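Structural characterization, general
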There are 2 protein chains.
Amino acid sequence: MNTGTEAPRRTRIQQEKRELILEAALEVFSTNGFRGSTIDQIAEAAGMSKPNLLYYFRRKEDIHETLMQRLLDTWLAPLRELDDIGDPMTELRSYIRRKLEMARDFPRESRLFANEILQGAPRIMPLLAGELKTLVDEKAAVIKGWMRAGKIARTDPWHLIFSIWATTQHYADFDVQVRAVLGPNRGGDGRFEDAARFLEQLFLDGLKPKG
Amino acid sequence: MNTGTEAPRRTRIQQEKRELILEAALEVFSTNGFRGSTIDQIAEAAGMSKPNLLYYFRRKEDIHETLMQRLLDTWLAPLRELDDIGDPMTELRSYIRRKLEMARDFPRESRLFANEILQGAPRIMPLLAGELKTLVDEKAAVIKGWMRAGKIARTDPWHLIFSIWATTQHYADFDVQVRAVLGPNRGGDGRFEDAARFLEQLFLDGLKPKG
DNA sequence: CAAATTTTTGACCGATTGGACAAACGTTAG
DNA sequence: CTAACGTTTGTCCAATCGGTCAAAAATTTG
C-alpha cells in the first residue's frame, strides 16, 4: 500500500543516525558552505563511513535540504510570536532579545542561513519570496498599526525588521570578527549582555543625547 | 640584482591581465566562497584558459589573497575618515551614509568579506586582531570622548560600530533576501534611499514616539 | 534456532579539482 | 631577418569529488 509519496516509516536506528548526520552536517555546512563541504567531511564528523551516510541520505543536497527546512521553522519562530496583544515597545524589545539569544545559542544555524543567502539563496528562493515575505508583510502591518496609534515612532516597518535581523545575527555570523575586535576581556562571555544593553538603548532612544 | 624579494616588475600586459583576473575572481569568489569557487570558473569569467590564468597567479590562494589585501584598505576607509573635528552627530550620520553607499556600490566586496568571516576568517585572522582592532579601539576612544562631552548618548562605542557595520552591510550581504521580502515595488532601486532614511532615524532618535 | 531484513563497509566509478609542463605562438629589440 | 623574451594553450597528472554496488555484518522477526 506504499505509494512512495507518503512519509517514510523509519526504524529507531534510522531516526538516530539521521539526527547524528544532520548534527554533523550542520557543523560542516555552516562553516564551509554547501559547495565547500564534502560528504567525507560530514561522514567523518558523524563518525561513520561515506557509503553508510549515503544509505540514510542518498544525495548531499538531501541533507542540506532537510537542514534548511528545519532551520526556517525555528528561525522565524520569534517573528511569528510578535503579537498585537502586548505593549508595542515591550513586544519589540522582547523580539530583539529573543533574536539575540538565538544568535548566541544557535550560531551555526544562523551561519548556515547566512551562507545560503550570501550565495544567492539558490535553494530557498521560493521560500523567501513566498512564506517569508508573507510573514514579514503581516508583521509589518502590525507594526504600522502601532505607528498609527502613536505607540512607536513612524518609520519603515520592513527596514525596521531588517535592522533587527542584521544587528542580532551579526553576533553569530561575524562572531570571529566581534571577538577579535573586542579582545579577550570585552570579547568574553559577557559580550552578549553588552550587546543586549546596547541594542535596547539603540532601538529605544537612538544616539541623540538626552535634553 | 633581483633578490626575489623585491616588488616584481610587470609589463603592461601583465598589469592588464592581472586586473582582469581579479575582477573575474571577485565576481566568482563573492558568490561561491573560496572553496566553492574553481579556477576554471574564474578563468572562464576572465575570458582566458586555465593555464593562462595560472601564468599570472600561480595558485588559487594567491588570487584570493591579493583580493583580500586590496579589499581591506578600501573597506575600512570610511571608518578611518571618522574624525574628531566635525559635529559628532553629523560625523556619525555621514559614516553611516558612506557605509550604506559602499554596500550599494560594492556589494561583491562586502560579500567577499562576509564569506571570509563566516568561514572563520582563516586567511585574515591576524589582520582582524591586529590592524582592525587597533583602528576600532582608536575610533571607540573618539566616540567615548563625544559621550563624555555630552554630544551623543552614553553607550558602548564598540557595539555601536558593530551595529553600523551590521545594518549597512546587510543590504549587500543579504540583498537577495531584502529584495525578495520587499517585493518588486519597494525592492527596486529606491530601497537604498528608504534604508538610508530609516537608519538615520533609528540611530538618531530610536523608536520611542516623540512626546 | 533460522530466515528475513536492515545496516555497514570496501572497492570502485566517472567527473572534477588544482596545478605542472613543454611546445607553440606573439612581440619586440637589435 | 633573427634571437630573445613574453604570452598562450593542449595535454597531462594525482588527488578529490559525489555517488554506486555487491557483499559482509548486524539486527529483527518468526
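Residues numbered from 1 in each chain as written. Chains lettered and ligands numbered in written order. Predicted model: local features only at pLDDT ≥ 70, side-chain atom pairs only at ≥ 80, totals over all residues. Heavy atoms only, no water.

Side note on the protein's contact with DNA strand C
Residues in close proximity to DNA strand C total 18 residues, the closest being A:Thr11, A:Gln14, A:Lys17, A:Tyr55 and A:Tyr56. Atoms of DNA strand C within 4 Å of the protein belong to the sugar or the phosphate in 55% of instances, the rest to bases. Between a phosphate oxygen of DNA strand C and a side-chain N or O atom of A:Ser49, the distance comes to 3.2 Å. Only α1 (12–36) and α3 (50–56) of chain A together with α2 (39–46) and α3 (50–56) of chain B provide two or more residues apiece to the surface near DNA strand C. Broken down by class, the residue content of the surface near DNA strand C amounts to 7 nonpolar, 6 polar and 5 charged. (Near = heavy atom within 4 Å. Polar contact = N/O pair within 3.5 Å; in protein donor to acceptor, adjacent residues only side chain to side chain. Helix = DSSP H or I, 4+ residues; strand = E, 2+ residues; numbered from the N terminus. Nonpolar A, V, L, I, M, F, W, Y, C, P; charged D, E, K, R; others polar.)

What to know about empty space enclosed by the protein
This model, assessed by the stated rule, comprises 7 cavities of 30 Å³ or more. Of all the secondary structure elements, the ones that give two or more residues to the lining of the largest cavity are α4 (60–81), α5 (88–105), α7 (125–148) and α8 (157–173) of chain A. Looking at side-chain class alone, the lining of the largest cavity contains 11 nonpolar, 2 polar and 2 charged residues. Computed from the structure, the second largest cavity encloses a volume of approximately 80 Å³. Contributing to the lining of the second largest cavity are A:Trp165, A:Ala166, A:Gln169, A:His170, A:Asp173, A:Phe174, B:Ala166, B:Gln169, B:His170, B:Asp173 and B:Phe174. Put simply, the parts of the chain that give the lining of the second largest cavity at least two residues each are α8 of chain A together with α8 (157–173) of chain B. Take the lining of the second largest cavity: its biggest share by element is 5 residues, from α8(A). (1 Å grid on protein atoms, 1.4 Å probe; cavity = no way out; pocket = protein on both sides within 12 Å on 5 of 7 lines; lining within 4 Å. Points joined across faces, edges and corners; volume = space filled by probe spheres on them.)

Section: the domain arrangement of chain A
Residues and elements named next belong to chain A. Looking at the assigned domains, one finds that chain A contains domain 1 (11–58) and domain 2 (64–205). Summing both sides of the interface, domain 1 and domain 2 together bury roughly 1100 Å²; the carbon and sulfur share of this comes to 61%. Of all residues in domain 1, the largest losses of buried area upon contact with domain 2 belong to Leu-26, Ser-30 and Phe-34, amounting jointly to 47% of the total for that side. Our count for the domain 1 to domain 2 interface comes out at 3 salt bridges. With its nearest N and O atoms 2.8 Å apart, the salt bridge here joins Arg-108 to Glu-27. When grouped by side-chain class, the residues that make up the side of domain 1 that touches domain 2 number 6 nonpolar, 2 polar and 4 charged. (Domains from an automatic or database assignment. Buried area = accessible area lost by both parts, 1.4 Å probe. Salt bridge = Lys/Arg side-chain N within 4 Å of Asp/Glu carboxyl O.)

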